Amino acid sequence: MAAHLVKESVYSVGCVDWNVRNFHGSTYITDRGVTYNSYLIVDDKITLIDTVHKGFAKELIENIKQITELSKIEVIVINHIEPDHSGAFPEIIKLCPNAKVYGTEKSRQGLLKYYGVCGDFTAVKFGQSLNRGKRTLEFIEVPMIHWPDSMFTYCAYDKILFSNDAFGQHYATNKIFDDEVDYCALIEEAKKYYANILWPFGRLISVKLEAVKKLNFDIELILPSHGLIWRSHITDILNKYLFWAANSVENKVAVVYETMWNSTEEMAKKIVEGITSEGVEAFLFDITKCSRTDLAAYMLDAKGFVFGSSTHDNDMLPVIAGFLHFFKGLKPKGRKAFAFGSYGWSGEAVKNIEAVIAEAGVEKTQESIKAVYAPSDEELKKCYEAGKAFALSIKG
Ligand code: FEO
């Protein structure tokens, strides 16, 4: 991707990773690829905001060279040290001998631990600023959005918020603005991003967004470190973040299961029928056939979860076990759930799912359902009735 002008003397110089499909190890499936955004501000003094993944250092350097020589960069702002943004830092700092580096104290420590270098580093605090000529950059610490080192940078002159991971989306494209791509796809990716990366930090995000609001920043552009720049839909994405961060939910249910011989699947389908008979949306997810990244996005604003598994070797099946382990870490608040599953002789899967529901802090609203071997008509009727009862508790 070549350098693009974003606004008077502010350039996007980042890179597109079209082919990455597993991000953060296996925790995030990136069907649409990823971008690593980096920005260059050419004022009296030249500033680079963030770098990129180390595999794209050469491309970043080429993009910067389209605008200026690297030796002219006098400041590098590190908003976040995760390697998708700082991986190219050691190579860049070698080519910018005059650059001073600005970030939080946690950034300084992290750069040293990752790379053994942090450059001529100044640790900044919330509200501290740095003049660059016509522009002044303000630094806003936002710890745990989503790492302890995370920071936003605001430029009043351009009315730009450099938000790093916040408001990002994993969406590989050569376009740079939100109004240049399909908006439904963009919002889908923004939601997926929030669900899989930021969901556990909702309370902190609410507090920090309120603190930023009090600064009365005039924001015309939000420049995240992944995906498209927010230009035409700033109010929408801010409102969506406030909604998600407040753990707001809709009357809908994710029914998630893994099955050995279709008995648990039959039960799952009857539960869905029962839920929808009460006018509540329910979506069926066979965890072996769906992306758990997409599933987390569906669950983000769902009020209810129903989890099912056949019992195998005295426990739930391995794919749903892995998913529920991931689910616990999302720390969902204010949700309802119950469990179900078929078994042959011992039936521990349901009990173990109930334990995960409790550990996740989700309210178990009704008795779990079990069926030996294949569910009988009577047992399927119980599944249907359980679905209906669950829907009533969701509506209530
Ligand atoms: Fe995009 Fe937290 O790194």
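The shown structure was predicted, so the numbers you read here are calculated from the model rather than taken from an experiment.

Asker: Please explain the domain arrangement of the protein as it appears in this structure.
Answerer: Frequently, the measure chosen for interface size is the accessible area that the parts lose on association. If you check the domain split of the protein, you get domain 1 (4–245) and domain 2 (253–395). Each of domain 1 and domain 2 was reduced to a C-alpha centroid, and the two centroids are 38 Å apart. Counting every contact that joins domain 1 to domain 2 gives two salt bridges. Measuring nitrogen to oxygen at the nearest pair gives 3.0 Å for the salt bridge that ties D294 to K192. On inspection of domain 1 and its partner domain 2, the count reaches five residue pairs in polar contact (both at pLDDT 80 or more). Elements that contribute at least two residues to the side of domain 1 that touches domain 2 include exactly strand 5 (28–29), helix 5 (183–198) and helix 7 (234–245). Top contributing element to the side of domain 1 that touches domain 2 by residue count: helix 5, with five residues. Within the side of domain 1 that touches domain 2, the residues separate by chemical class into eight nonpolar, three polar and three charged.

Asker: Quick question: what am I supposed to make of the sheet that holds strand 13 (residues 136–141) here?
Answerer: By way of backbone hydrogen bonds, the strands of a sheet pair with one another, either parallel or antiparallel. What the five strands build is an open sheet, ordered 12-13-14-15-16; its pairing is mixed. Where the open sheet ends on each side, the last strands, each with one partner, are strand 12 (129–131) and strand 16 (221–224). Strand after strand, the sheet turns through a mean of 20° between neighbouring axes, direction not considered. Taken together, the three bridges between strand 12 and strand 13 define a ladder with antiparallel strand orientation. Bridge pairing in strand 13 places L130 opposite L137.

Asker: Mind showing me how you'd approach helix 1 (residues 57–65) here?
Answerer: For an α-helix, the turn length of 3.6 residues means that residues three or four places apart are oriented alike. Residues of helix 1 that are buried: A57, L60, I61, N63 and I64. Down the axis of helix 1, the smallest arc covering the buried residues is 160°, so these residues share one side. For helix 1, exposure combined with an orientation more than 90 degrees from the buried face picks out K58 and K65. Its buried side turned inward, helix 1 meets strand 3 (15–17), strand 7 (39–42), strand 8 (46–49), strand 9 (73–77) and helix 3 (89–95).

Asker: Please explain the sheet that holds strand 2 (residues 10–12) as it appears in this structure.
Answerer: Spatially, the seven strands line up as an open sheet ordered 1-2-7-8-9-10-11, and their pairing is mixed. Either end of the sheet is taken by a strand with one partner, and the two such strands are strand 1 (4–7) and strand 11 (120–123). Pairs of neighbouring strands in the sheet enclose a mean axial angle of 25°, with direction left out of account. Inspection of the sheet shows strand 8 paired to strand 9 by four bridges, in the parallel sense. Bridge pairing links I46 to I73 in strand 9.

Asker: Mind showing me how you'd approach the packing of helix 5 against helix 9 (residues 292–300) here?
Answerer: If you want to describe how two helices pack, look at the angle between their axes and the distance between the axes. Relative orientation of the contacting elements helix 5 and helix 9 amounts to 90°, with a least axis distance of 8 Å. When the axis of helix 5 is compared with that of helix 9, the two are roughly perpendicular. Contact residues: helix 5 offers K191, K192, Y194, A195 and N196, while helix 9 offers R292, T293, D294, A296, A297 and L300.

The rules we used
Residues numbered from 1 in each chain as written. Predicted model: local features only at pLDDT ≥ 70, side-chain atom pairs only at ≥ 80, totals over all residues. Heavy atoms only, no water. Domains from an automatic or database assignment. Salt bridge = Lys/Arg side-chain N within 4 Å of Asp/Glu carboxyl O. Polar contact = N/O pair within 3.5 Å; in protein donor to acceptor, adjacent residues only side chain to side chain. Helix = DSSP H or I, 4+ residues; strand = E, 2+ residues; numbered from the N terminus. Nonpolar A, V, L, I, M, F, W, Y, C, P; charged D, E, K, R; others polar. Pairing = 2+ DSSP bridges. Axes fitted to C-alpha atoms, helices over the stretch in contact; angles between N-to-C directions. Buried < 20%, exposed > 50% of the residue type's maximum accessible area, 1.4 Å probe, protein only. Arc of directions from axis to C-beta. Contact = heavy atoms within 4.5 Å. Parallel < 35°, antiparallel > 145°, perpendicular 65-115°, else oblique.

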